[in-house]
Amino acid sequence: MSTTARELLTGLSAGFTDLPRADTPADDPLVWPGYLEARAAAAARTGETESVIVGEARIGDVPTVLIAWEFGFLGGSIGQQTGDRVEAAFAHAKERGLPVVSLVATGGSRMQHGMRALSQLQRIARASADARAAGVPQISVLRDPSTGGGWATLGAGSDVVLGLPNAQVGFAGSRVRPATSPAEAYSVEAKLEWGQVDRLVATEELGDVLARWLQLLASPSTEPAPPPAARRDAALPETGWDAVRTARASKRARAPEYLDAYFDWRENVQGDRAGHVDEGVQCGFGWREGRTIAYAAQCGTATRPAGFRTAARLVRLASRLGIPVLTLVDTPGAANDAEAEEGGVGPAIAELFEAIATAAVPVTTLVIGEGGSGGALAFAAAGATWIAPDAYFSVTSPEAAAAILKRPMTDVPAVADQLRLRPQDLVGLGLAAGIVKPE
């Protein structure tokens, strides 16, 4: 027997209280034969009066507004009263300054309401956007199924999207999708692979994971993130080529080591929401010394369009929620193959440049390895960039610079010197605020 919405709410939260509501009478706008009888039977079977339950409770230590679909009530379908309740929930969250968690389980719009039902998606989207503009964090949990307008509004549109394993997720429900389409494409696992879901969470772990996320997203601060300490006690390089070789060494610390040392604990977000994931970029929010800091970190590979777009999504979200950002630069450069060009690497880099340039929160950058060209600079904050002693930052790689200048590859070490890319050079040029030291 599947878990009801009430049972799920009881397991996740403490002190759940339904929000006051003034439901419109059970309407039948199309005078659909048998609809009112089916609705009455659904109410008797589930004990609910509509397909969605809205209320306030505590998850962990954070007061939260919850929106929970009851799939047993007409397949969790969205009708007029669903829109009424969701709109009221977001208005309450905005008034109280509370985060919203949507526990989605719906087959989509209620056929017996026709266009009246479909138009509720506009109301839901408007209510969500209005709360978002007021700084209300939003998390969705995709249950089975999450299809139609429920997926295409609160499900996919939340700041953080979590999914229960094996849930059916897709805009097209099972009865209307092409018969030739593989069922796997409409799974939460596929949506995770395609960068549309941030994480899969087992039901028994959902309460703890939501508590962590709510603590992170509901903890704004105004102080900049301090730059991390260096992870290695490395001497400053004597030459530019020494700096390049040191930054490329396999023993040099990478982003995961920096992030693990910097944060008490952290949660990742994943994907560009457009079908792609760049495993070479880690983004998310971490807890450090009693406050939240967002992070976007390159992991030493050529950054692909999805990596830039995911980082831009992270920076925009942190900016809206009032959370400072830390970026870690470590890339030989942006991916420059044909696939990257087709995927819009140029527009993706531009998107991240704009997100950091317009951020309403302080952004701090540490160069921890290779800083190669615009693909690295897009992650960097002007005037707030530090560098590790085993890193470099350059207009491009010494090899590429030699090729551009039509010089032989034997000149690469000399070109590296001429580029003045060492940590101490960058400080001297005013392009780095300082060189970090080990703790």
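Residues numbered from 1 in each chain as written. Predicted model: local features only at pLDDT ≥ 70, side-chain atom pairs only at ≥ 80, totals over all residues. Heavy atoms only, no water.

Focus: helix α2 (residues 35–46)
Since there are 3.6 residues in each turn of an α-helix, residues three or four apart along the chain are aligned in direction.
Consideration 1: Given a rise of 1.5 Å per residue, twelve residues ought to cover 16 Å, and the 16 Å separating the end C-alpha atoms of α2 matches this to within 8%.
Consideration 2: Among all positions of α2, only Tyr 35, Arg 39 and Ala 42 are buried. The buried side chains of α2 occupy one side of the element, clustering within an arc of 60° when seen end-on. The outward face of α2, more than 90 degrees from its buried face, is lined by the exposed residues Glu 37, Ala 44 and Arg 45.
Consideration 3: The elements touched by buried residues of α2 are α3 (80–96). (Helix = DSSP H or I, 4+ residues; strand = E, 2+ residues; numbered from the N terminus. Expected span 1.5 Å × (residues − 1). Buried < 20%, exposed > 50% of the residue type's maximum accessible area, 1.4 Å probe, protein only. Arc of directions from axis to C-beta. Contact = heavy atoms within 4.5 Å.)

Re the environment of Leu 321
Consideration 1: Here Leu 321 shows up in helix α11 (residues 305–321).
Consideration 2: Leu 321 sits in the buried class, given a relative accessible area of 7%.
Consideration 3: As for Leu 321 and Val 361, which are separated by 40 residues in sequence, their C-alpha atoms are 9.0 Å apart.
Consideration 4: Apart from residues no more than four positions distant in its own chain, Leu 321 is found in contact with Gly 135, Val 136, Pro 137, Leu 217 and Pro 220.

A few points about the environment of Trp 213
Consideration 1: Checked against the element boundaries, Trp 213 lands in helix α8 (residues 206–217).
Consideration 2: For the pair Trp 213 and Glu 267, spaced 54 residues apart in sequence, the C-alpha to C-alpha distance is 7.4 Å.
Consideration 3: Setting aside residues up to four positions removed in sequence, Trp 213 forms contacts with Ile 139, Val 160, Leu 162, Glu 267, Asn 268, Val 269 and Phe 285.

What about unusual backbone geometry?
Consideration 1: Between Asp 144 and the following residue, Pro 145, the backbone shows a cis peptide bond with an omega angle of -5°.
Consideration 2: Structurally, the position occupied by Pro 145 is in strand β5 (residues 138–147).
Consideration 3: Positive phi values are uncommon outside glycine, yet Leu 74 reaches one of about 55°.
Consideration 4: At Ser 373, a residue that is not glycine, the phi angle is positive and equals roughly 65°.
Consideration 5: Among the secondary structure elements, Ser 373 is positioned in helix α14 (residues 373–377).

Some thoughts on the pairing of strand β13 (residues 363–372)
Consideration 1: Counting buried positions along β13 yields ten of ten residues, so the element is predominantly enclosed.
Consideration 2: In this sheet, β13 lies alongside strand β12 (residues 325–331) in parallel orientation, the contact comprising six bridges. Note that in β13 the partner of Val 329 across the bridge is Val 367.
Consideration 3: Relative to strand β14 (residues 385–387), β13 is paired through three bridges, and the arrangement is parallel. (Pairing = 2+ DSSP bridges.)

Observations regarding the packing of α11 against helix α13 (residues 345–357)
Consideration 1: Where α11 contacts α13, the axes come no closer than 8 Å and their chain directions differ by 20°. It follows from the interaxial angle that α11 and α13 lie roughly parallel. Crossing geometry of α11 relative to α13 is assigned as left-handed. Of α13, the residues touching α11 (which contributes Pro 305, Phe 308, Arg 309, Ala 311, Ala 312, Val 315 and Arg 316) are Val 345, Pro 347, Ala 348, Ile 349, Glu 351, Leu 352, Ala 355 and Ile 356.
Consideration 2: The residue inventory of the contact of α11 with α13, partitioned by class, reads twelve nonpolar, no polar and three charged. (Axes fitted to C-alpha atoms, helices over the stretch in contact; angles between N-to-C directions. Parallel < 35°, antiparallel > 145°, perpendicular 65-115°, else oblique. Left-handed = near helix turned anticlockwise from the far one by under 90°. Nonpolar A, V, L, I, M, F, W, Y, C, P; charged D, E, K, R; others polar.)

Topic: the packing of aromatic side chains
Consideration 1: Taken as a whole and judged by the stated rule, the model has five aromatic pairs.
Consideration 2: With 4.9 Å between their ring centres and 90° between their planes, Tyr 262 and Phe 263 make a pair best called edge-to-face.
Consideration 3: The class for Tyr 262 is buried, based on a relative accessible area of 5%.
Consideration 4: An aromatic cluster is defined as three or more aromatic residues linked by ring pairs; in this entry it consists of Tyr 262, Phe 263 and Tyr 295.
Consideration 5: Here the guanidinium or amino end of Arg 288 rests over the ring plane of Tyr 262, the centre of that ring lying 4.0 Å away. (Phe/Tyr/Trp six-rings, centres within 6.5 Å; stacked < 30°, edge-to-face > 60°. Lys NZ or Arg CZ within 6 Å of the ring centre and 35° of its normal.)

Points about the environment of Leu 206
Consideration 1: Relative to the elements of secondary structure, Leu 206 occurs in helix α8.
Consideration 2: Leu 206 gets classed as buried once you look at its relative accessible area, which sits at 1%.
Consideration 3: Put simply, Leu 206 and Glu 370 are 164 residues apart on the chain and 38 Å apart in space, counted from C-alpha to C-alpha.
Consideration 4: The contact partners of Leu 206, leaving out residues within four places of it in the chain, are Leu 12, Val 141, Leu 162, Leu 164 and Val 201.

With respect to the pairing of strand β11 (residues 291–298)
Consideration 1: Among the eight residues of β11, eight are classified as buried, and the element is accordingly described as predominantly covered.
Consideration 2: As paired elements, strand β10 (residues 281–288) and β11 share eight bridges and run antiparallel to each other. Across the sheet, Phe 285 pairs through a bridge with Ala 294, a residue of β11.
Consideration 3: Connecting β10 to the antiparallel partner β11 that follows it, the hairpin turn spans two residues, and Glu 289 within it adopts a positive phi of roughly 50°.
Consideration 4: Note: β11 against β12, four bridges, orientation parallel. Following the sheet pairing, Ala 296 is matched in β12 by Thr 327.

A word on helix α6 (residues 148–157)
Consideration 1: Burial of α6 is extensive: seven of the ten residues sit out of reach of the surface.
Consideration 2: Of the residues making up α6, those classed as buried are Gly 148, Gly 149, Gly 150, Trp 151, Thr 153, Leu 154 and Gly 155.

With respect to a nonpolar patch on the surface
Consideration 1: On the surface, Leu 30, Trp 32 and Met 111 cluster together into a nonpolar patch covering about 320 Å² of accessible area.
Consideration 2: On the basis of relative accessibility, which here comes to 39%, the residue Trp 32 falls in the partly exposed class. (Patch = residues over 30% accessible without salt bridge, like charges linked within 9 Å, V, L, I, M, F, W, Y side chains within 5 Å. Areas by Shrake-Rupley, 256 points an atom, 1.4 Å probe, with all protein chains shown as cover. Salt bridge = Lys/Arg side-chain N within 4 Å of Asp/Glu carboxyl O.)

Overview of the side chain of Asp 198
Consideration 1: Its place among the elements puts Asp 198 in the loop between α7 (188–193) and β8 (199–200).
Consideration 2: Here Gln 270 takes part through its backbone nitrogen, which lies 2.7 Å from a polar atom of the side chain of Asp 198. (Polar contact = N/O pair within 3.5 Å; in protein donor to acceptor, adjacent residues only side chain to side chain.)

A short note on the nonpolar core
Consideration 1: With 84 residues, the main nonpolar core has Trp 213 and Phe 285 as its most contacted residues.
Consideration 2: Judged by nonpolar contacts, the second largest core, of 21 residues, contains Val 54, Ala 89, Ala 93 and Leu 121. (Core = buried A, V, L, I, M, F, W, Y, C linked by side-chain atoms within 4.5 Å.)

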